[in-house]
Amino acid sequence: MNSAAGQTPAVSLHSITKRFPGVLANNDISLDIHAGEVHALLGENGAGKSTLISILAGMQQPDAGHIEIEGVRVKIHSPRESLRLQIGTVFQHVVLVHSLTVIENLMLGGAWWRIHDRKTALARLRDISELLGVKIEPDVPVGRLSLGQQQQVEIIRALWHGGKVLVLDEPTSMLTPQGVDELGALMRRLAGQGVAIVFITHKLREAYAFGDRISVLRQGKLVGDILPEHLDDMDEEQATNEIIQLMFKSAVHGAESAEAEIFLREGQERHKRGVINKSGPPVISLEHVSTRAEPGECALHDIGFSVMPGEVFGIAGVDGNGQKHLAEVIAGQRPVLSGCIKVSGELTTDADVPARRRLGVRYITDERLGEGTVGGHSVATNLVLKGIGAPPFWRFFVTIWQRIFRHAREIIVAHDVRTPSEHTPLARLSGGNIQKVLLAREISINASVVVFNKPTYGLDIHNTRLARDRIVKAAASGIATIVISTELDELLELSDRIGVIFNGEMSGIVENRAGAESEIGRLMTGAKAA
Amino acid sequence: MIFSTARVLVPIIMALVVGGLILFALGKDPFAYYEYVVQRGLLSWSGFQQTLIRSAPLLLIASGLIVAFRAGIWNLGVDGQFLLAAVASAALAPVLIVALPSWLTIIICCGVSIAVAMAWSVVPAFLKTRYGLNEIITTLMMTFLGISFANVLVKLPFNDPDNTVPQTMTLPVTDRLGRLFDTTIHSGIIISLVAVFAVHFVMTRTAFGLKLQIVGSNPRAAKHAGLNVGRLTFATFAISAGLVGLGGAVEILGVWGTMRADWNPAYGLLVIPLVFLARFHGIAVIGFTLLFAILMIGGESASRRMGVPNFYVLVLVALLLIFLALVEYLDHLSHKRKKA
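Residues numbered from 1 in each chain as written. Chains lettered and ligands numbered in written order. Predicted model: local features only at pLDDT ≥ 70, side-chain atom pairs only at ≥ 80, totals over all residues. Heavy atoms only, no water.

What about the overall build of chain A?
Broken down by element type, chain A carries 19 helices and 22 strands. A buried classification covers 54% of the 530 residues belonging to chain A. Within chain A, contacts between residues separated by at least 24 positions form 68% of all contacts whose residues are at least 6 apart in sequence. Looking at chain A as shown, the accessible area adds up to about 23,500 Å², and 52% of this sits on carbon and sulfur atoms. (Helix = DSSP H or I, 4+ residues; strand = E, 2+ residues; numbered from the N terminus. Buried < 20%, exposed > 50% of the residue type's maximum accessible area, 1.4 Å probe, protein only. Contact = heavy atoms within 4.5 Å. Areas by Shrake-Rupley, 256 points an atom, 1.4 Å probe, with all protein chains shown as cover.)

Listed below in structure tokens is the structure:
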């Protein structure tokens, strides 16, 4: 494992600095990446991990500093150049052409004047698949593969031009616990072949489990390394403490030590909450709900569950297993093919969005800018987006802008939304602040059922904490709360019960108590509940 | 949307300067041309009246386009809608006037014209809401059909047999849209100004206008917020086409009294750039339309007098668009730099 020690590193970064308007994304980062090692790069959202790898991938140029490949100074001025240097990158979000087949996607990078050589390509695919220990059909359109398989295709593509260095950006975010273990084994196998692997994650546990060497980034700075010889001697707790030390050693004042505590607590502590009264009727219940399958979407089959007032019901599952349809069906955005939905005892299967809102159904979408808001319109407009035409902001359908702006100013103060003014176009706000706007809009006094779809997706640690506190507070006020998330830790922390969705079906519902995690992991792969 | 005067004036001046250079290169005296245009289009009493008369259909078309564009619907089928509505008024008015008072005739004709233009927009609206077909394609195809169909209607069923050239029967001058005071300007300009102000008010100050804008900026957010996107799309098409149709009626009932075969002023494609120049702003579009009408009327005289082709006016509009975009871009850049 430590065969590389003492040799020239495969890649070394020297004093890389990258500045964006208002942010210092990378501040004088120097890093050595060795062949045959899994190098875990750990840091929370916004720590500068993504910027660093986009520099390695040739998509950004550093403002200062330089890169050496096997001791030779290079300039990676384009993604093509990065591939030529045998640096393969797998980005967090899949960047494959869905309508093309696996082999077509892999051949995309070829020179324009050369005829596609299918035979050689297939042989190459076979070689790499063997190396990875995976099996991929070459002639299936990528859109039909599961996300885990798509990720494997991405890894194959990254290794296509010869793998000296493989960079994986948050590769575990869309995998099941078992899938994560498989990826770990795969990285181990590749490292054994002499590939240098950069494994980016914000999860402490994964960094310890898979990394030979751990580097910790914080606010654009490299705050410390744990070397392989050092890491081998530590057990998990010691490593955790060491990393926390590195991350928050400057934690002299309150805010930072609080953040350190949050980071430590992440996914470890379950929320202690009051006992839920289960004698009354549920606020919302779904019975045998199915939806129509649209191309590229996962439809629901025969889903049924109910949620009590004040209960947090988690929905676990790998992304793309019907979560979106489930959320939309509850919100009234998507018609039900069969089955029925009751809210507070009332049959609402055919009710549209406004009718369900009147019954207190709220939906916080995971696509904050995609469908939750209108980015070009002001913060104020977005705050009243779901009540256009209703008093007190409209009288006889005439808009009373004064009231809308005043309302927005109140919300901005009450929810600490960081915005220059209520007139600012919403898209200019940061992800955390957009989420604050959404939460403020959806959770109001007369809410009875709230669906949170991936509520902390893409948020930094501080805003993640705020959003989760908001969920807990909502449930404590008696709202039936449904949390859909791909982060199992999050669900384990927040939920009373967790339903697992696989391939559009509810493969089981688990009480959230000790040992629930392994049961959920098993259900996520489609095994039915015992 | 606040218009700083400099941001509008600078592009206009730049367009006039570059346009002048082009004229100079063609061997014409730019100063003489501009002077003549302003003289004929604005400063002479008859030219000024002409300009206002020409503005009426342009403003109605512009108001229709503002509704559509703000709702994110690219209704490029204006000319077809305009001509079919014009045929409807031209065919109906001379028949109705025999039995009805002129004010009632005009109201009925306007109503029918609006309905005809709306009907012509139903097909693109249906195809868009039901199958997601791009309305740019469908409205353009419907406009080709509409132009030809209007010609067929004039030449066959509504042809006036007493006339040697194919055209509809003629509405007597006394029964046309009322004149304003002692001028030749017909009351269509009042109708069109009312339409522009109404559209501006609806789009900026009412729930309906805001809904249309939400659909226009992010249809998925509109669906998420529970708006009935399909119904709003139909409404947008109908209102847009209806205003354009009213433009066709006003042009026939106010100016011509009849419709000749092959008559197609193609106002629609002329107004689209103006609406963009005004950034879909109702009040700003009045200014641009007046400016354009002056150029048109003055340019028509100048082309006869100075031998500068009529379509040179379009060159000026194109230059104006380019410089406006350029100024916008530079402004954006300097904002960005200030922030960084």
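Remarks on the overall build of chain B
Looking only at helices and strands, one finds 13 helices and 0 strands in chain B. Shown N-terminal to C-terminal, the secondary structure of chain B runs as helices and strands in the order α-α-α-α-α-α-α-α-α-α-α-α-α. What you see for chain B is a C-alpha radius of gyration of 21 Å, in line with the 20 Å of a compact globule of 340 residues. Its C-alpha atoms put chain B at 70 × 60 × 35 Å along the principal axes. Each of the 340 residues in chain B was classed as buried or not, and the buried ones make up 52%. Looking at chain B alone, contacts between residues at least 24 apart form 76% of all its contacts between residues at least 6 apart. When the accessible surface of chain B is split by element, carbon and sulfur atoms take 71% of a total near 15,500 Å². Side-chain charges of chain B comprise 23 positive and 13 negative groups, with the mean position of each set lying 15 Å from the other. (Rg over C-alpha atoms; globule rule 2.2 N^0.38 Å. Lys, Arg positive; Asp, Glu negative; His and termini not counted. Charge placed at Lys NZ, Arg CZ, Asp CG, Glu CD.)

Here's the deal with the sheet that holds strand 12 (residues 303-307) of chain A
Residues and elements named next belong to chain A. With antiparallel pairing, 4 strands are arranged side by side in an open sheet as 12-11-14-15. Edge positions in the open sheet fall to strand 12 and strand 15 (346-347), since each of these has one partner strand only. Packed on one face of the sheet, helix 11 (residues 323-331) meets strand 11 (284-290), strand 12 and strand 14 (338-343) and runs near 125° to strand 11. (Pairing = 2+ DSSP bridges. Axes fitted to C-alpha atoms, helices over the stretch in contact; angles between N-to-C directions.)

Things to note about the nonpolar core
Residues and elements named next belong to chain B. Among the nonpolar cores identified, the biggest contains 116 residues, and Y33, L253, M259 and V275 are the most heavily contacted of them. Ranked by the residues each element gives to this core, the list is headed by helix 3 (residues 45-70), at 13 residues. Setting aside residues no more than four positions away along its own chain, M259 makes contact with L83, A86, V87, A90, A150, V154, Q167, T168 and I252. (Core = buried A, V, L, I, M, F, W, Y, C linked by side-chain atoms within 4.5 Å.)

Looking at the packing of helix 8 (residues 207-217) of chain B against helix 10 (residues 229-256) of chain B
All names here are of chain B. The N-to-C vectors of helix 8 and helix 10 enclose an angle of 105°; their axes lie 10 Å apart at closest approach. When the interaxial angle is binned, helix 8 and helix 10 end up roughly perpendicular. For the pair helix 8 and helix 10, contact is made by F208, K211, L212 and V215 and by V229, L232, A235, T236 and I239, respectively. (Parallel < 35°, antiparallel > 145°, perpendicular 65-115°, else oblique.)

Section: the sheet that holds strand 22 (residues 505-511) of chain A
All names here are of chain A. Overall, mixed pairing links the 6 strands, which are arranged 16-19-20-13-21-22 in an open sheet. The outermost strands of the open sheet, each flanked by one partner alone, are strand 16 (361-364) and strand 22. The sheet shows a mean angle of 20° between the axes of neighbouring strands, taken without regard to direction. In this structure, strand 16 lies alongside strand 19 (residues 449-453), joined through 4 bridges in parallel fashion. Within strand 19, the position partnered with Y363 by the bridge is V451.

Some words on the domain arrangement of chain A
Much of the literature gives interface size as the accessible area that the parts lose upon coming together. One can read the domain layout of chain A as domain 1 (11-267), domain 2 (270-360 + 446-530) and domain 3 (374-445). Computed from C-alpha coordinates alone, the two centres of domain 1 of chain A and domain 3 of chain A are separated by 38 Å. (Domains from an automatic or database assignment.)

Some words on the interface of chain A and chain B
Taken together, the contact between chain A and chain B spans 26 residues of the former and 19 residues of the latter. Counting the surface lost from both chain A and chain B, the interface buries some 1,900 Å², and carbon and sulfur atoms represent 60% of this. Taken together, the links from chain A to chain B amount to 2 salt bridges. One salt bridge in this structure joins A:E371 and B:R220, with 3.6 Å as the shortest N-O distance. If you look at where chain A meets chain B, you find 11 residue pairs in polar contact (both at pLDDT 80 or more). (Buried area = accessible area lost by both parts, 1.4 Å probe. Salt bridge = Lys/Arg side-chain N within 4 Å of Asp/Glu carboxyl O. Polar contact = N/O pair within 3.5 Å; in protein donor to acceptor, adjacent residues only side chain to side chain.)

Some words on the packing of helix 2 (residues 30-43) of chain B against helix 3 of chain B
In a pair of packed helices, the angle between the axes and the distance between the axes together describe the arrangement. Residue and element names in this part refer to chain B. Their axes nearest at 5 Å, the elements helix 2 and helix 3 cross at an angle of 70°. Taken together, the axes of helix 2 and helix 3 lie roughly perpendicular to each other. Residue-level inspection shows R40, G41, L42 and L43 of helix 2 in contact with helix 3, the latter providing W45, G47, F48 and T51. Split by residue class, the contact of helix 2 with helix 3 holds 4 nonpolar, 3 polar and 1 charged. (Nonpolar A, V, L, I, M, F, W, Y, C, P; charged D, E, K, R; others polar.)

Points about the pairing of strand 20 (residues 480-484) of chain A
Residue and element names in this part refer to chain A. The element strand 20 is largely enclosed, with a buried count of 5 among its 5 residues. Of the two faces of strand 20, the one holding A480, I482 and I484 and the one holding T481 and V483 are both buried throughout. The pairing of strand 13 (residues 312-316) with strand 20 spans 4 bridges and is parallel. Of the residues in strand 20, the one forming a bridge with I315 is I484. Bridge count for strand 19 against strand 20 is 5 bridges, and the pairing is parallel. Its bridge partner lying in strand 20, F452 is registered against V483. Regarding the hand of the β-α-β motif, the stretch spanning strand 19, helix 17 (residues 461-476) and strand 20 is right-handed. (Right-handed = clockwise from strand over helix to strand, strands pointing away.)

What to know about a nonpolar patch on the surface
On the surface, B:V122, B:F126, B:Y131, B:L133 and B:F234 cluster together into a nonpolar patch covering about 460 Å² of accessible area. Looking at the nonpolar patch, the element that brings in the most residues is helix 5 (residues 102-131) of chain B, giving 3 residues. (Patch = residues over 30% accessible without salt bridge, like charges linked within 9 Å, V, L, I, M, F, W, Y side chains within 5 Å.)

Considering the packing of aromatic side chains
Applying the stated criterion to the full structure yields 17 aromatic pairs over all chains. For the ring pair B:F69 and B:W74, a centre distance of 4.8 Å and an interplane angle of 45° mean the geometry is tilted. With a centroid separation of 5.8 Å and an interplanar angle of 80°, the aromatic rings of B:F82 and B:Y267 are classed as edge-to-face. Placement of the pair is B:F82 in helix 4 (residues 78-99) and B:Y267 in helix 11 (residues 267-277), with a sequence separation of 185 residues. A single burial state applies to B:F82 and to B:Y267, both of which are buried. What links up through ring pairs into an aromatic cluster is the set B:F69, B:W74, B:F276 and B:F280. Seen from the ring of A:Y457, A:K454 lies directly overhead, with NZ or CZ sitting 5.1 Å from the centre. (Phe/Tyr/Trp six-rings, centres within 6.5 Å; stacked < 30°, edge-to-face > 60°. Lys NZ or Arg CZ within 6 Å of the ring centre and 35° of its normal.)

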